[in-house]
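Fold and contact review
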Amino acid sequence: MTHPLVVVANRLPVDLTVEPDGTPSWQRSPGGLVTAMEPVMRQADAAWVGWPGSPGEAPGPFDADGMHLVPVGLSAQEVADFYEGFSNDTLWPLSHDVISPPVYHRHWWDAYRRVNRRYAEAAAAEASEAGTVWVHDYQLQLVPAMLRELRPDLRIGYFHHIPFPPLELFAQLPWRRQVIEGLLGADLVGFQRSGDAANFLRVVRRWTDLPVRAGTVTVAEPGPERKVRAGSFPISIDSQHFDELSRSPWVRARAAEIRADLGSPEVLLLGVDRLDYTKGIRHRIKAVGELFDEGRLEVPGAALVQVASPSRENVEAYQQLREDVELAVGRINGEHGRIGTQPIHYLHHSYPPEEMAALYRAADVMLVTSLRDGMNLVAKEFVAACVDDAGVLVLSEFTGAADELNGALLVNPHDIDGLKAAVERAVTMDQREVRSRMRRLRRRVLTDDVSRWSRSFLEALGDVDRHVDVPSSTTGNSA
């Protein structure tokens, strides 16, 4: 049985676990992409192609949570080379302004090509005649062209969830032309920000001879010329769900309990991130530590809760980041902590949505200080959880969310003094201004939700005429 819509992502929307008796079971994965695509997939009789999360031979296709899932198998060596290696030690740092230096290994690239081919073949086998395939993110940038080679009848969309690097950084990649050609296999290439789409079009101009006009690339192939459109489609969250969750009696009570457990500080600051060097956690802790050093924040009147979810723990740069963060937190707590209370509460865990909603509700100030971020959905979750119009968002200007969230205090996280000033302003802000800013933020987040994002992308993909110029007024923002 084939499907009119096939979603291709690095991971399946469920995780494989093996029970003590050896039988496999599946648990739904958290994440915005799963939330975004589930209603679309249910309506369209779609299939989802992805890795189940454990190395080894993939099980056969199966149905779970009302979705048809097609596992792609990766060996332990492919996980090391394709995922931890080329995807996360080459492409990830290259795409995030080389905050950590990218590593270029030819055998990683070989694994990347091999695994992308496997995903493309799986998607080709699942898609109906003249169907639609939506490929997601930087791990699969070669899939669109491979898929077009296998199935030229398909309409192919690709969405890049992370920043697309400027030409000057992208130039470092030894396989830059192959990646460009891979992406140009799509009919529509979507990005978080218009600047990312512009970066992509610049590299197309630089390393190909293809005509680029009004956000559209003309690709010469055997047969008719084909049009590839690039545009911005900023992703969002299931904001209505977070709003309803935050209004629940349990979350309200849990938020009050959290503040009480922390010693009922007058001001509670909150940071929520994956433990990743792109998130600016070191900069945030440095700024908050200096505010305590200078007496502009004091214990027990103020406290920071920093949630740092474990991430890519086998990658050396992430191991070093954890050591740096924990050392900085220990120094600040040692100098400013008191018996029964401390300035920074550091939590190296992941939490379910209900607990996150309670943390958001408990906080007075949310600190999002990413050095580079495609979007940053935590900022939007915080806004959706602020159902009483209370709370201030301090937001890095280097996030995609900064383009949308008019009402946040924008900061350059590299400017520690500027970051400190913004935190101090957030802490002392008049409540009328707090409410005014949060109302503006909530209007945007509750309107532009994740279902609107997925709908706008698929509508734009359906509107693309692959053989004529696409008007710039089509849904989404042309670069």
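Residues numbered from 1 in each chain as written. Predicted model: local features only at pLDDT ≥ 70, side-chain atom pairs only at ≥ 80, totals over all residues. Heavy atoms only, no water.

Here we take up the packing of helix α8 (residues 239-247) against helix α15 (residues 431-447). Remark: α8 packs on α15, axes separated minimally by 8 Å, with the N-to-C direction vectors making an angle of 125°. Relative to α15, the element α8 lies oblique. Residues Ser239, Gln240, Asp243 and Arg247 of α8 form the contact with α15, whose own contacting residues are Arg442, Val445 and Leu446. Of the residues contributing to the contact of α8 with α15, the split by class is two nonpolar, two polar and three charged. (Axes fitted to C-alpha atoms, helices over the stretch in contact; angles between N-to-C directions. Helix = DSSP H or I, 4+ residues; strand = E, 2+ residues; numbered from the N terminus. Parallel < 35°, antiparallel > 145°, perpendicular 65-115°, else oblique. Contact = heavy atoms within 4.5 Å. Nonpolar A, V, L, I, M, F, W, Y, C, P; charged D, E, K, R; others polar.)

Once that is clear, we can look at the nonpolar core. If you look at the biggest cluster of nonpolar residues, it comprises 97 residues, and the most contacted ones within it are Val8, Tyr119, Val133, Phe200, Leu269 and Val394. Ranked by residues supplied to this core, first place goes to helix α3 (residues 106-126) with 10 residues. What Val8 contacts, discounting residues up to four positions off in sequence, is Val49, Tyr119, Ala123, Val133, Trp134, Val135, His136 and Leu140. Counting residues in each nonpolar core, the second largest holds 67 residues, with Val7, Met375, Ala408 and Trp453 among its members. (Core = buried A, V, L, I, M, F, W, Y, C linked by side-chain atoms within 4.5 Å. Buried < 20%, exposed > 50% of the residue type's maximum accessible area, 1.4 Å probe, protein only.)

Bringing the packing of aromatic side chains into the picture now. The description of an aromatic ring pair rests on the distance of the ring centres and on the angle between the ring planes. Counted under the stated rule, the structure contains 21 aromatic pairs. Taking the centre distance of 5.2 Å and the plane angle of 40° together, the rings of Trp134 and Trp453 count as tilted. One end of the pair, Trp134, is in strand β7 (residues 127-136); the other, Trp453, is in helix α16 (residues 450-463), with 319 residues separating them in the sequence. The two residues Trp134 and Trp453 agree in class, both being buried. Their ring planes at 40° and their centres at 5.5 Å tell us that Phe191 and Phe200 sit as a pair that is tilted. (Phe/Tyr/Trp six-rings, centres within 6.5 Å; stacked < 30°, edge-to-face > 60°.)

Taken as a whole and judged by the stated rule, the model has 41 salt bridges. Here Asp276 makes a salt bridge to Arg274, at a shortest N to O gap of 3.3 Å. Connected through salt bridges with shared partners, the residues Lys286, Glu290, Glu294, Arg296, Asp417, Lys420 and Glu424 form a single ionic network. (Salt bridge = Lys/Arg side-chain N within 4 Å of Asp/Glu carboxyl O.)

Below, the discussion takes up the sheet that holds strand β13 (residues 267-274). What the six strands build is an open sheet, ordered β15-β14-β13-β16-β17-β18; its pairing is parallel. Across the chains shown, the open sheet's two edge strands, defined by having one partner strand only, are β15 (344-347) and β18 (409-411). Ignoring strand direction, the axes of neighbouring strands in this sheet form an average angle of 20°. As paired elements, strand β16 (residues 365-368) and strand β17 (residues 392-396) share four bridges and run parallel to each other. Each residue of the ladder has a partner; that of Val365, found in β17, is Val392. Along the sheet, helix α14 (residues 416-428) makes contact with β13, β16, β17 and β18, crossing β18 at roughly 165°. (Pairing = 2+ DSSP bridges.)

This part is about the pairing of β17. Of all five residues in β17, five are buried, a share of seventy percent or more. Residue alternation in β17 divides its side chains into two sets, Val392, Val394 and Ser396 and Leu393 and Leu395, and both sets are buried.

Bringing the environment of Gly391 into the picture now. Relative to the helices and strands, Gly391 is located in the loop between α13 (377-385) and β17. Residue Gly391 is classed as buried on the basis of its relative accessible area of 9%. For the pair formed by Gly391 and Gln342, sequence separation is 49 residues and the distance between their alpha carbons is 22 Å.

Attention now goes to the side chain of Arg193. Relative to the helices and strands, Arg193 is located in the loop between β9 (188-191) and α7 (194-207). Residue class for Arg193 comes out buried when judged on its relative accessible area of 14%. Among the polar contacts listed, one links the side chain of Arg193 to the backbone oxygen of Thr399, at a separation of 3.3 Å. Setting aside its immediate chain neighbours within four residues, Arg193 contacts Ser232, Arg372, Gly374, Glu397, Phe398, Thr399, Gly400 and Asp403. (Polar contact = N/O pair within 3.5 Å; in protein donor to acceptor, adjacent residues only side chain to side chain.)

Our next topic: the confidence of the model for the protein. For the protein, the average pLDDT comes to 92, and 96% of its residues sit at 70 or higher. In the predicted structure, residues 467-479 sits below a pLDDT of 50 and forms 35 contacts with residues beyond four places in sequence or in another chain. (pLDDT = per-residue confidence, 0-100.)

Right, let's talk about helix α4 (residues 143-150) for a bit. Among the residues of α4, Val143, Pro144, Met146, Leu147 and Arg148 are the ones counted as buried. Tucked inside the fold, the buried residues of α4 contact α3, β7, β8 (155-160), α6 (176-183) and β12 (226-232).

Another point: the packing of helix α10 (residues 281-293) against α14. Contact geometry of α10 with α14 gives a least axis separation of 9 Å together with a crossing angle of 65°. In terms of their interaxial angle, α10 and α14 are classed as roughly perpendicular. For α10 against α14, the interelement crossing comes out right-handed. Packed against α10, whose contacting residues are His283, Arg284, Lys286, Ala287, Glu290 and Leu291, the element α14 presents Ile416, Leu419, Lys420 and Val423 at the interface. Residues of the contact of α10 with α14, tallied by class, amount to five nonpolar, one polar and four charged. (Left-handed = near helix turned anticlockwise from the far one by under 90°.)

Right, let's talk about the pairing of β7 for a bit. Of all the 10 residues making up β7, eight are buried; the element is thus mostly covered by neighbouring parts of the structure. Strand direction decides the pairing type here: strand β1 (residues 3-11) and β7, joined by five bridges, are parallel. Each bridged residue has a counterpart across the sheet, and for Val6 the counterpart in β7 is Val133. Where β7 and β8 come together, five bridges link them in parallel fashion.

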